Amino acid sequence: MCGIVGYVGDHQPDARPLEVVLEGLRRLEYRGYDSAGVALVTGAGGLATAKKAGKLANLVAELDARPLPGATAGIGHTRWATHGGPTDVNAHPHVAGGVALIHNGIVENFAVLKEELLADGAELLSETDTEVVAHLLQRAYAEVKDLGEAMRLVVRRLHGTFTLLAVHEDHPDTVVGARHDSPLVVGLGDGANYLGSDVAAFIAETRRALELAQDQVVVITPRSVTVTDFDGNPAEGREYTIDWDAAAAEKGGFRSFMEKEIADQPQAVQDTLLGRTDTHGRLVLDDLKIDESVLRAADKIIVIACGTAAYSGHVAKYAIEHWCRIPVEVELAHEFRYRDPILTERTLVVAISQSGETMDTLMAVRHAREQGAKVLAICNTHGSTIPRESDAVLYTHAGPEVAVASTKAFLAQITAAYLLGLYLAQLRGNKFADEIAEILDDLRAMPEKIQEVLDRSGRVREIARWMADTSSVLFLGRHVGFPVALEGALKLKEIAYIHAEGFAAGELKHGPIALIEPGQPVFVIVPSPRGRDSLHSKVVSNIQEIRARGARTLVIAEDGDEAVKAYADEVFFVPQSPTLLAPLLSVVPLQIFACELATARGLDVDQPRNLAKSVTVE
Ligand code: M6R
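Residues numbered from 1 in each chain as written. Predicted model: local features only at pLDDT ≥ 70, side-chain atom pairs only at ≥ 80, totals over all residues. Heavy atoms only, no water.

A. Broad picture of the overall build of the protein chain. Assigned secondary structure in the protein chain consists of 19 helices and 25 strands. Viewed in the frame of its principal axes, the protein chain has a C-alpha envelope of about 75 × 55 × 40 Å. Out of the 618 residues in the protein chain, the part that is buried amounts to 60%. Within the protein chain, contacts between residues at least 6 apart in sequence are counted, and of these 71% link residues at least 24 apart. (Helix = DSSP H or I, 4+ residues; strand = E, 2+ residues; numbered from the N terminus. Buried < 20%, exposed > 50% of the residue type's maximum accessible area, 1.4 Å probe, protein only. Contact = heavy atoms within 4.5 Å.)

B. Structural view of the pattern of salt bridges. Within this structure, the stated rule accounts for 43 salt bridges. Salt-bridge contacts for Arg255 lead to Glu596; the nearest nitrogen and oxygen are separated by 2.9 Å. Here Glu596 lies in helix H19 (residues 583-600) and Arg255 lies in the loop between strand S15 (238-241) and helix H6 (257-263), a separation of 341 residues in the sequence. Glu596 gets classed as buried once you look at its relative accessible area, which sits at 3%. One salt bridge connects Glu389 with Arg366, and the closest N-O pair in it is separated by 2.7 Å. On the criterion of sequence distance, the pair formed by Glu389 in the loop between helix H12 (385-388) and strand S20 (392-395) and Arg366 in helix H11 (residues 359-370) is long-range, its members being 23 residues apart. Taken individually, Glu389 and Arg366 each receive the classification buried, so the pair is uniform in this respect. Put simply, Arg255, Glu259, Arg461, Arg465 and Glu596 are held in one network by salt bridges that share partners. (Salt bridge = Lys/Arg side-chain N within 4 Å of Asp/Glu carboxyl O.)

C. Inspection of the domain arrangement of the protein chain at higher detail. Here the protein chain is partitioned into domain 1 (3-248), domain 2 (252-444) and domain 3 (452-607). Here domain 1 and domain 2 have C-alpha centroids that lie 33 Å from each other. Domain 1 puts 14 residues into the contact, and the matching count from domain 2 is 13 residues. Among the residues of domain 1 in contact with domain 2, Tyr30, Asp181 and Glu211 are the three that bury the most area, contributing 35% of the side total. At the boundary of domain 1 and domain 2, one finds two salt bridges. Across the pair Arg388 and Glu211 runs a salt bridge, and its minimum N-O distance is 2.2 Å. (Domains from an automatic or database assignment. Buried area = accessible area lost by both parts, 1.4 Å probe.)

D. Up close: the side chain of Asp181. Inspection of the secondary structure assignment puts Asp181 in the loop between strand S8 (175-180) and strand S9 (185-188). By relative accessible area, which is 9% here, Asp181 ends up buried.

E. Quick look at the layout of surface pockets. Roughly 550 Å³ of internal volume is contained in the second largest pocket. Taken together, 25 residues make up the lining of the second largest pocket; nearest its centre are Cys306, Gly307, Thr308, Lys613 and Val615. Of the residues belonging to the lining of the second largest pocket, the class tally is ten nonpolar, ten polar and five charged. When residues are assigned to domains, the lining of the second largest pocket turns out to be shared by domain 2 (252-444) and domain 3 (452-607), each giving three or more. (1 Å grid on protein atoms, 1.4 Å probe; cavity = no way out; pocket = protein on both sides within 12 Å on 5 of 7 lines; lining within 4 Å. Points joined across faces, edges and corners; volume = space filled by probe spheres on them. Nonpolar A, V, L, I, M, F, W, Y, C, P; charged D, E, K, R; others polar.)

F. Highlighting the site of the ligand. Among the 15 residues in the neighbourhood of the ligand, the closest are listed as Ser353, Gln354, Ser355, Thr358 and Glu494. In this structure, an oxygen atom belonging to the ligand sits 2.7 Å away from a side-chain N or O atom of Ser355. Between the ligand and the protein, one listed contact pairs an oxygen atom with a side-chain N or O atom of Lys491 at 3.0 Å. When isolated, the ligand has an accessible area of 410 Å², and the protein chains bury 91% of it. The cavity where the ligand resides is the second largest pocket. (Near = heavy atom within 4 Å. Polar contact = N/O pair within 3.5 Å; in protein donor to acceptor, adjacent residues only side chain to side chain. Areas by Shrake-Rupley, 256 points an atom, 1.4 Å probe, with all protein chains shown as cover. Sits in = over half its atoms within 2 Å of the grid points.)

G. View of helix H5 (residues 147-155). Within H5, seven of the nine residues are buried, leaving the element largely enclosed by the surrounding structure. When H5 is considered as a whole, its buried residues turn out to be Leu147, Gly148, Ala150, Met151, Arg152, Val154 and Val155. Its side-chain oxygen 3.0 Å from the backbone nitrogen of Gly148, Asp146 forms the N-cap of H5.

H. Layout of the pairing of strand S13 (residues 224-229). For strand S12 (residues 216-221) and S13, the ladder comprises six bridges, and the chain directions are antiparallel. Across the sheet, the residue bridging to Val219 is Thr226, located in S13. From the end of S12 to the start of S13, which pair antiparallel, there are two residues. Note: S13 against strand S14 (residues 234-235), two bridges, orientation antiparallel. Paired with Val227 across the two strands is Ala235, which belongs to S14. (Pairing = 2+ DSSP bridges.)

Following this line, the structure appears as structure tokens:
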């Protein structure tokens, strides 16, 4: 939620701060697009601000119409609205006296603080919690005349979650930031420094980054970065090099980031598999820093995640239970935390998150650790909060995912979950080395097969365009096809705004079959006929049941599965693969279908309404 960027440079006041901040906002817009705004500290010792409801383009138009003066420092914000609607007035930055401030998160005690400020004569213009903080900072600064110290005084009074950035008109060489349960990273430049909600904010400028811990205040000037805790005790961030460059986060000729990220999937899976075996072919998960005895002793795994990441957890359940014979539960992170789950030191909790910042998942991780469970994170974002706070981390290497709808991260998460399952099987002796090697070989063959699915996508695109006016689509699957059905439905809902539901195919006759009326499109994910035969034939029966009631069946089946042809209005064949690995292939036509259909409807595929890429509020 909300993208935040800050810049300060060692130069005369000029256009650069605005350019850097706008470029950062362009790259962060996927985090929220209800409004955008900037504040600059100008050479004349003043503040200049501009903000506009709607997408960043509206702010850019405003800046074209009313250009801002040159500056040495600046902050920028792209908003996903929480307190107060998406209006110009509620857009960030909020100004109080000489202070301009931006915020990501929710200040839970803002009402009390607002009362206090109003009683003291403050004039508040917006409905936001953020403006309250701007006034508190302005008052604190008036007392202590030190921006870092003023920020520390303020954050100690706030409850809730926040990343804050502020500038002051008297400090053309300073940006101050603070974080509590919301993300903030520092970019290290030469004669310039940067702050961002994530590294995309400054990737066009530098690949050197500094990770901040929770509850820290950071003051950047062109040549210094000073980090303290909220009490003013000195602290140090961990410096690291970002392993992708600005080009990786560009569309690269595709119509949308989503389309590009779908095309990136063979690479994402391949990179996630890379370097995971030693010279003897044994799996080594170097970044899995958790005691082997803990993994050997684990008697239950609970996967916690949200949205698409949770569906990857469902696939993980089938694979890990089958390979390792450990019970695996999968739970939405926001439900897990509030149901008093039974956790012991023998429970291994696996938290899956692309961003590593999803608040629901983070809170569940904290809860699990408080209860004594060990937490292993599967995450795509280095240095993000969830892996930082977990006992171990297995990074996916999907590269930056910009589109709100997750695609390549999903495939990378599933791949990482397979690796974890195989690693556990190796460690616990559930499988012989040659069995593991065989599955690994199958896995290594998957990127090429995914590419084949992409290369064959012409027909699914055609059907999607043809179905652009459809109002409802159902998705059915069994076994690992069930989470694929759920994911196919989620994709369509979130980017095409079409009613879509995924069902376990066997559940149909217990109610949902009543939805079927003549012409109802239903995608069916058919398992391999080479796998457990009963599974295949049961799904084929399910197709017949819905077809008998008039459904239009769009079937995803394996090459050579001639039996389904007779029952399908349309078949999309994917290459053969072992049943457990099949989701890496069968989900791809569904992603393409959603992307193409939403594009045909003229929708903004990358930035669907009401959503944001990282959900950093509960
Ligand atoms: O960053 P995370 O993987 O933790 O995000 C979890 C969900 O918010 C995310 O997968 C969401 O469901 C996507 N928009 C789905 O496409």
